Amino acid sequence: MSSLLKKKQIQKFDPNGVGQKGRLFGLPFTPETAEVVVIPVPWDVTASFTDGTSLGPKAILDVSSQIDLYLPNIPNAWQLGISMLPIDAGWVKENRRARKHATEYIKYLEEADGTGQSDRDINLILNNINALSRNINEWVHGRSCELLEAGKIPAVVGGDHSSPLGLMQAVNGMNNAFGVLQIDAHADLRPAYEGFTHSHASIMHNLLELDHVEKLVQLGIRDFCEQEASVMESNPRIVTFFDHELKKQEFEGVSWSAQVSQIIEELPDDIYITVDIDGLEAYYCPGTGTPVPGGLSYSQLIYLFDKIAASGKRILAFDICEVCGNQGQWDAIVGSRILYYLSSITGISNKLLFLR
């Protein structure tokens, strides 16, 4: 029934016309008829520098209908079917409340008890935030499992980089070995950073506790602590392409094409892609939570996606995080375009679309 409805939606939709406001990319699809279904996670409670990424999913949704759908190298990309689940108002409210308390807690850590809070109060705040973070992670996991069981390709749009752990756990629950491609300025390998079990800075540490993660390939890393450097050096599952090494090779004549070939060679056949937008140059994401000089250009990222699509690797799921939603529309415009293109190459990798 849903396939018949999807055909009717395609027939009635004009990809050259005005997109439908309030639907992802203005497309006519619903979660029932879409192949890629996005779970919005309005969560940035553990942000350690600047918040605002909890508003990223709505900001991306709001600007997405202004994007032209035509991709010269992917015929009828829009017909794949992409849709976003409703943004959960309850989590928006919980995030607002918990973020206020997290800010007090982080201030306590940074100012050596300059907030007047007692140790007991601080511990209550920490325990409460960890409980809430566990709850939203379980909620994302539940939605992800439902989508996988329905034969959909799930994706998460955060929120801070703690947002997609539930999706990663759901993919792990498929009981097949897979690799993870992490595009990021930060290593995110700190165990329970600032005491937050599900910190945005701990997402890859938590990922590596999953038993079916075969390899973690990190790209663009340029901000990390000594502890994380030790983990990257000692853990045989981690392969890191540091930003400074990529730039050094580029300055000495190594092409991005050659570097991308090396990156893809490290990936197993089945992969999960996680994109922290601060993996890009700050020009593309000036409002992101923890910007860092350096990084990839948008064109480099799209070239990488094209080569992954052509490689025969299968993308099981993906996420895009740390897109700021309260600093103008530029961050969301970039994030929405990444979302559309990554959805399209995911369709190719699952033989639902084809490269020209």
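Quick note: structure is the one above.
Residues numbered from 1 in each chain as written. Predicted model: local features only at pLDDT ≥ 70, side-chain atom pairs only at ≥ 80, totals over all residues. Heavy atoms only, no water.

K.L.:
Is there a simple way to think about the sheet that holds strand β7 (residues 270–276) in this case?
P.N.:
Backbone-to-backbone hydrogen bonds pair the strands of a sheet. The strands run either parallel or antiparallel. Pairing within the open sheet is parallel, and its eight strands lie in the order β2-β1-β3-β8-β7-β4-β5-β6. Here the strands that pair on one side only, and so sit at the sheet edges, are β2 (82–84) and β6 (238–242). Between one strand axis and the next, the sheet turns through 20 degrees on average, direction left out of account. In this structure, strand β1 (residues 36–41) lies alongside strand β3 (residues 153–158), joined through six bridges in parallel fashion. Along β3, the bridge assignment pairs Val36 with Ile153. Across the face of the sheet, helix α2 (residues 56–64) comes into contact with β1, β2 and β3 while running at roughly 110 degrees to β3. In this fold helix α10 (residues 298–311) packs onto β4 (178–183), β5 (213–221), β7 and β8 (314–321), with an angle of close to 165 degrees to the strand it touches most, β4. (Pairing = 2+ DSSP bridges. Helix = DSSP H or I, 4+ residues; strand = E, 2+ residues; numbered from the N terminus. Axes fitted to C-alpha atoms, helices over the stretch in contact; angles between N-to-C directions. Contact = heavy atoms within 4.5 Å.)

K.L.:
Just to check I follow, could you spell out the nonpolar core for this structure?
P.N.:
Where a protein is soluble and globular, its nonpolar side chains tend to be buried together. Counting 110 residues, the largest nonpolar core has Leu181, Leu219, Leu304 and Phe305 as the members making the most contacts within it. Sequence-distant contacts of Phe305, defined by excluding residues within four places in its chain, comprise Ile183, Val275, Ile338, Tyr341, Leu342 and Ile345. (Core = buried A, V, L, I, M, F, W, Y, C linked by side-chain atoms within 4.5 Å. Buried < 20%, exposed > 50% of the residue type's maximum accessible area, 1.4 Å probe, protein only.)

K.L.:
Would you explain empty space enclosed by the protein in this entry?
P.N.:
Unoccupied space between atoms shows up once a probe the size of one water molecule is rolled over them. Applying the stated criterion to the full structure yields two cavities of 30 Å³ or more. For the largest cavity, the calculated volume is near 50 Å³. The wall of the largest cavity is formed by Val41, Trp43, Ser133, Ile136, Asn137, Val140, Ser162, Ser163 and His198. Sorting elements by how many residues they give to the lining of the largest cavity places helix α4 (residues 119–149) first, with four residues. Per-class residue counts for the lining of the largest cavity are four nonpolar, five polar and no charged. In this structure, the second largest cavity spans a volume of roughly 40 Å³. (1 Å grid on protein atoms, 1.4 Å probe; cavity = no way out; pocket = protein on both sides within 12 Å on 5 of 7 lines; lining within 4 Å. Points joined across faces, edges and corners; volume = space filled by probe spheres on them. Nonpolar A, V, L, I, M, F, W, Y, C, P; charged D, E, K, R; others polar.)

K.L.:
What's the story with the environment of Val217 in this structure? I'm lost.
P.N.:
Along the chain, the position of Val217 falls in strand β5. Taking relative accessible area as the criterion, Val217 reaches 0% and is therefore assigned buried. Taking the C-alpha atoms as reference, Val217 lies 10 Å from Met232; in sequence the two are 15 residues apart.

K.L.:
Sorry if this is basic, but what is going on with the packing of aromatic side chains here?
P.N.:
Each aromatic ring pair is summarised here by two numbers: the centre-to-centre distance and the angle between the ring planes. Counting across every chain of the model gives ten aromatic pairs. Residues Phe25 and Tyr340 carry aromatic rings whose centres are separated by 5.0 Å and whose planes lie at 55 degrees to one another, so their mutual orientation is tilted. One end of the pair, Phe25, is in the loop between α1 (2–12) and β1; the other, Tyr340, is in helix α11 (residues 330–349), with 315 residues separating them in the sequence. Neither residue differs from the other here; Phe25 and Tyr340 are each classed as buried. Connected via pairs of aromatic rings, a cluster forms that spans Tyr283, Tyr284, Tyr298 and Trp330. (Phe/Tyr/Trp six-rings, centres within 6.5 Å; stacked < 30°, edge-to-face > 60°.)

K.L.:
Could you clarify how one ought to interpret the environment of Gln259 in this entry?
P.N.:
Residue position: Gln259 is located in helix α9 (residues 256–265). For Gln259, a relative accessible area of 2% corresponds to the buried category. Placed 70 residues apart in sequence, Gln259 and Gln329 show a C-alpha to C-alpha distance of 32 Å. Within the local environment of Gln259, its side chain forms a polar contact with the backbone oxygen of Leu246, the two atoms lying 2.9 Å apart. (Polar contact = N/O pair within 3.5 Å; in protein donor to acceptor, adjacent residues only side chain to side chain.)

K.L.:
I keep staring at the packing of α2 against α11 and nothing clicks. Help me out?
P.N.:
The relative placement of two packed helices comes down to the angle between their axes together with the axis-to-axis distance. As a packed pair, α2 and α11 sit with axes 8 Å apart at the nearest point and diverge in direction by 80 degrees. In this view, α2 runs roughly perpendicular relative to α11, as classed from their interaxial angle. Residue-level contacts link Ala59, Ile60, Val63 and Ser64 of α2 to Ala332, Ile333, Gly335, Ser336 and Leu339 of α11. Looking at side-chain class alone, the contact of α2 with α11 contains six nonpolar, three polar and no charged residues. (Parallel < 35°, antiparallel > 145°, perpendicular 65-115°, else oblique.)

K.L.:
What is the right way to read α4 from this model?
P.N.:
For an α-helix, 3.6 residues make a turn, and residues three or four places apart therefore share a direction. End to end, α4 covers 45 Å across 31 residues, agreeing with the expected 45 Å (1.5 Å per residue, within 8%). Immediately downstream of α4, the backbone of Gly151 shows phi near 80 degrees, a positive value. (Expected span 1.5 Å × (residues − 1).)

K.L.:
Explanation requested: unusual backbone geometry in the structure shown.
P.N.:
Excluding glycine, a negative phi dihedral is what most residues carry, and trans is how most peptide bonds are arranged. Backbone torsion omega between Gly158 and Gly159 reads 20 degrees, so that peptide bond is classified as cis. Within the fold, Gly159 resides in the loop between β3 and α5 (165–172). Positioned with a positive phi, Ala192 is a non-glycine residue whose angle comes to about 45 degrees. You can see Ala192 is positioned in the loop between β4 and α6 (203–207).

K.L.:
Can you help me understand the pattern of salt bridges in this one?
P.N.:
A pair can form between side chains of opposite charge whenever their charged atoms are brought close. Counted under the stated rule, the structure contains ten salt bridges. With its nearest N and O atoms 2.7 Å apart, the salt bridge here joins Glu94 to Arg97. Here Glu94 pairs with Arg97, and both are found in helix α3 (residues 89–110), just three residues apart, close to one helical turn. On the basis of relative accessibility, which here comes to 38%, the residue Arg97 falls in the partly exposed class. Measuring nitrogen to oxygen at the nearest pair gives 3.1 Å for the salt bridge that ties Arg314 to Asp270. In this pair, Arg314 is assigned in strand β8 and Asp270 in strand β7, connecting sequence segments 44 residues apart. Using a relative accessible area of 33% as the deciding quantity, one classes Arg314 as partly exposed. On the basis of relative accessible area, Asp270 is assigned to the buried category, the value being 17%. (Salt bridge = Lys/Arg side-chain N within 4 Å of Asp/Glu carboxyl O.)

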